[in-house]
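If you want the building blocks of each chain, they are given just below.
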Amino acid sequence: MKGKLLTGNVAAAAGAMLARVDYVPAYPITPQTEIIETIADWVREGKMDSRFVQLESEHSMLTAAGAASLAGARVFTATSSQGMLYTLEMLYNVSGWRAPMLLANVSRGVAAPIVLEPDHNDVLSARDSGFLQFHSETCQEVTDLVLLAYRVAEDKRVMLPAIVNLDGFYLSFTREPVVLPEQKMVDRFLPPYEPVGPMRATKPVSRGSSVFEGYLYSYFRYNQHGAALKAKEVFNEASREFEGLFGRSYGPVEGYMLDDAEYVLVMSNSFTGLGRQAVKRMREVGVKAGLLKLVMIRPFPTDEIAALLRGRKVVGVFDQNLAPGSGGILYPEIAGALYNRRGRPNAILPVVGALGGKQTTTKELSAVFEEMMAIDREGKTPAPMFLMRKDELSRVKKAISVAEGGS
Amino acid sequence: MSTATRFRTLKDMPREDYFSPGNTLCAGCGGILAARIFHKVLGPNVAWVNAAGCMTVTMSYPLSPLKSNWLYTAFAAAPAGAQGVRDALDVLIAKGKIPASEDMKVVVVTGDGAAYDIGLQSTAGAIDRQLDFYYLCYDNEAYGNTGFQVSSSTPFGSSTKTTPATPAYPLGNMVRKKDLFEVWRSMKAPYVATLANSHGLDFLRKVEKGTGIRGPKMYIALAACPTGWGFDSRDSVELEKLAVQTGIWPLKESVDGVVRHTFVPRALTPVSEYLKTQVRFSHLFEPEEKTEAIATIQEYVNAYWKDAGAREGFEVKAPSARARASPSN
């Protein structure tokens with residue numbers, strides 16, 4: 001089936017429309033703005049039966065979103081970068097409220113310094129917030145994951161909010177063919193939202209109450225954790241139904257050329273496409289390379305990762321983010337998923353790259369595979385790699401010289 | 001006041017109480033008293049939206065003294081929470097997903113820390129959007145729940161935990177109280193009013209008036225705070241009365257920007273009568289009386305009433321500020 005050419009942003013908006021969301025509180029930020037502009041247009045043109053309101057900050061936007069979800073509305077909103085950071089306090093609140101709203105994050109590196117293109121420090125800052133996280137590689141995945149995310153978030157066994165992530169520029173402003181599911185079929189897949197204990201005149205509730213006893217607080221936190229873990233099973237169920245209806249299949253992780261792979265690169269989001277090219281290139285020269293894509297980052301698909309990485313020689317974890325003083329954020333999570341397993345890989349190579357959307361070549365990723373092979377061959381302890389090409393470094397030096405008043 | 005009111009005397013105060021007796025707030029708390037009276041006027045169908053403060057603590061799982069809906073949001077965000085609840089109710093009723101009988105009055109309730117400081121931005125947003133909601137600020141003129149630190153509502157001359165009166169800083173807080181009434185009015189809230197628990201009829205009528213107005217209805221209630229201000233909890237309402245009689249707490253309202261004082265004292269009681277009742281001002285009297293500072297506070301009050309009188313055409317007899325300020329040493 002051939003799709004319509006849509007940008008990632010419009011694909012996200014289309015997902016919201018197909019999900020028949022009731023309410024869209026919004027706040028602009030590059031590169032997300034096209035999502036809310038598109039929805040504002042559709043609402044004002046009568047194409048979308050939702051209420052759209054622009055708030056005065058992302059913090060308020062997320063508060064309104066969570067509150068409306070508690071009052072029984074299906075809610076969609078979107079942000080990027082600093083906006084994600086500005087919502088942070090409310091991310092924790094909204095997940096604690098068990099309000100299953102959806103937030104599309106269009107990844108963009110965080111300031112300072114200001115940058116517009118993507119890395120994942122923004123979305124990974126929400127890592128511990130209790131929001132489920134689904135990350136997309138293509139525009140088609142954006143639309144599909146929006147629908148799947150609602151199905152999982154609103155499931156009574158889960159009742160947690162979710163983030164669908166798409167990379168700024170590489171997906172947000174890139175047109176790709178997207179097959180939009182038929183509304184009738186979507187309605188079958190995604191029934192209307194049924195809130196649990198919504199705020200009602202006839203049946204008052206207290207939400208967000210304080211819980212001062214540690215044992216009660218611990219119980220609610222464990223409960224939230226249990227629900228988040230449950231989301232994986234619910235996702236798999238929903239995904240099977242989705243495949244039956246729409247013919248596209250999603251898992252918490254996705255393997256590429258993994259069958260006999262000895263060297264596996266773990267990636268997520270739009271740069272995965274580049275990873276696939278690098279794998280092909282390595283295969284052409286006889287290296288048993290493969291790739292593991294993370295679709296679901298919360299809950300973290302520990303078992304799937306361990307199963308697919310079992311018996312590999314060396315695994316490289318490509319982190320498009322940086323926690324200064326520690327390194328890549330996903331590396332320790334992958335290492336944690338593998339450590340206690342039999343047949344775990346011999347070594348794990350941490351790689352940090354593509355920060356602020358830094359253009360990355362298949363050659364750079366080939367160098368990562370070569371390093372994995374060298375680690376295996378020489379039995380050395382992996383040293384973290386921070387990708388930067390020589391030509392880029394000379395441009396850096398030139399920029400510094402200009403900034404310092406040179407020519 | 002509007003001509004049509006169901007409140008002729010204090011005896012007309014509705015008997016229904018939507019806060020059960022017994023809660024975790026301090027004895028003599030002016031804040032919970034204001035919230036109780038407020039709720040009586042609005043009736044049962046209310047969704048309260050709260051920001052961090054003393055009121056937050058009383059809704060402590062698994063107990064709640066409240067018979068209506070409650071949502072705690074975050075310190076800066078209660079008006080945004082009200083936006084979400086209001087919009088959700090509107091859209092769900094419009095789509096026929098819930099019956100119109102489920103509609104509620106959406107009420108933000110916060111202390112002055114949220115209203116004057118950290119939540120002012122989200123309040124401004126809600127007013128800009130002309131959100132149909134009520135805002136009840138119980139104003140105890142400091143961050144009471146955290147132990148009484150200065151807020152932009154703290155009056156000149158008050159000692160707080162973060163502006164203690166010391167020999168080097170003998171006045172405590174040296175900044176004047178922010179005029180939130182004027183801030184909200186300038187943002188074009190259709191209705192803004194001040195309240196005092198001591199003036200119950202005025203209180204009831206103002207809340208009643210708000211129910212007939214669409215858009216943001218903004219209230220600042222003086223909330224005498226026994227623990228923060230330092231006075232005997234049984235004197236709470238008396239103290240609020242004194243605040244009104246000294247002219248320190250003017251009772252007024254603004255309808256579509258037009259201000260009217262709803263209670264005009266014929267003669268102002270000297271401010272020192274109010275100040276000397278509270279530990280937060282005790283440094284103004286001990287070890288020696290700080291006559292200059294007290295005169296300054298009196299001058300602020302006198303100037304306020306002179307200005308208000310000139311605009312509204314009334315005259316208030318004010319105590320002489322400087323008579324007391326003659327050098328005593």
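Preceding this paragraph is the structure being described.
Trainee: Just checking my understanding: could you explain the overall build of chain B for this structure?
Mentor: Broken down by element type, chain B carries 11 helices and eight strands. Taking 329 residues into account, the globule formula puts the C-alpha radius of gyration at 20 Å, and chain B, at 20 Å, falls close to it. When its C-alpha atoms are laid out on the principal axes, chain B stretches across 75 × 45 × 35 Å. Classification of the 329 residues of chain B by burial places 50% in the buried group. For chain B, long-range pairs separated by at least 24 residues make up 69% of all intrachain contacts whose partners lie at least 6 apart in sequence.

Trainee: I keep staring at the sheet that holds strand 5 (residues 102–107) of chain A and nothing clicks. Help me out?
Mentor: Pairing between the strands of a sheet comes from backbone hydrogen bonds, and it takes one of two forms, parallel or antiparallel. Residue and element names in this part refer to chain A. One open sheet accounts for five strands, arranged 4-5-7-6-13; its pairing is mixed. The outermost strands of the open sheet, each flanked by one partner alone, are strand 4 (76–79) and strand 13 (296–298). Across the sheet, the mean angle from the axis of one strand to that of its neighbour is 25°, orientation sign disregarded. The pairing of strand 4 with strand 5 spans four bridges and is classified as parallel. Across the sheet, A78 pairs through a bridge with A104, a residue of strand 5.

Trainee: How do you make sense of the sheet that holds strand 7 (residues 251–255) of chain B when you look at a structure like this?
Mentor: Spatially, the nine strands line up as an open sheet ordered 9(A)-2(B)-1(B)-3(B)-4(B)-6(B)-5(B)-7(B)-8(B), and their pairing is mixed. Where the open sheet ends on each side, the last strands, each with one partner, are strand 9 (206–207) of chain A together with strand 8 (258–263) of chain B. As judged from the three bridges shared by strand 5 (residues 191–196) of chain B and strand 7 of chain B, these two strands associate in the antiparallel manner. Bridge pairing links Y191 of chain B to V255 of chain B in strand 7 of chain B. On top of the sheet, helix 3 (residues 78–94) of chain B reaches strand 1 (46–50), strand 2 (69–72), strand 3 (105–111) and strand 4 (133–139) of chain B; it is set at about 170° to strand 3 of chain B, its chief contact.

Criteria and thresholds
One numbering rule holds for all chains: residues counted from 1, following each sequence as written. Just so you know, chain letters begin at A and ligand numbers begin at 1, following the order they were written in. Note on the predicted model: pLDDT of at least 70 is required for a residue's local features to be given, and 80 or more for side-chain atom pairs to be given and counted; whole-chain, interface and lining totals, by contrast, use all residues. Comment: elements are numbered from the N terminus, with helices defined as DSSP H or I runs of at least four residues and strands as E runs of at least two. Only C-alpha atoms enter the radius of gyration, while the globule expectation follows 2.2 Å times N to the 0.38, with N the number of residues. Counting other C-beta atoms within 10 Å of its own, a residue is labelled buried from 20 upward, exposed at 12 or fewer, and partly exposed in the gap between, with every C-beta atom placed from the backbone. Contact criterion: two residues are in contact if their C-beta atoms, reconstructed from the backbone, are within 7 Å. A pair of strands is treated as paired once DSSP finds two or more bridges between them. Lines fitted to C-alpha atoms define the axes here, with helix axes fitted over just the stretch in contact, and angles between the N-to-C directions of these axes take values from 0 to 180 degrees.

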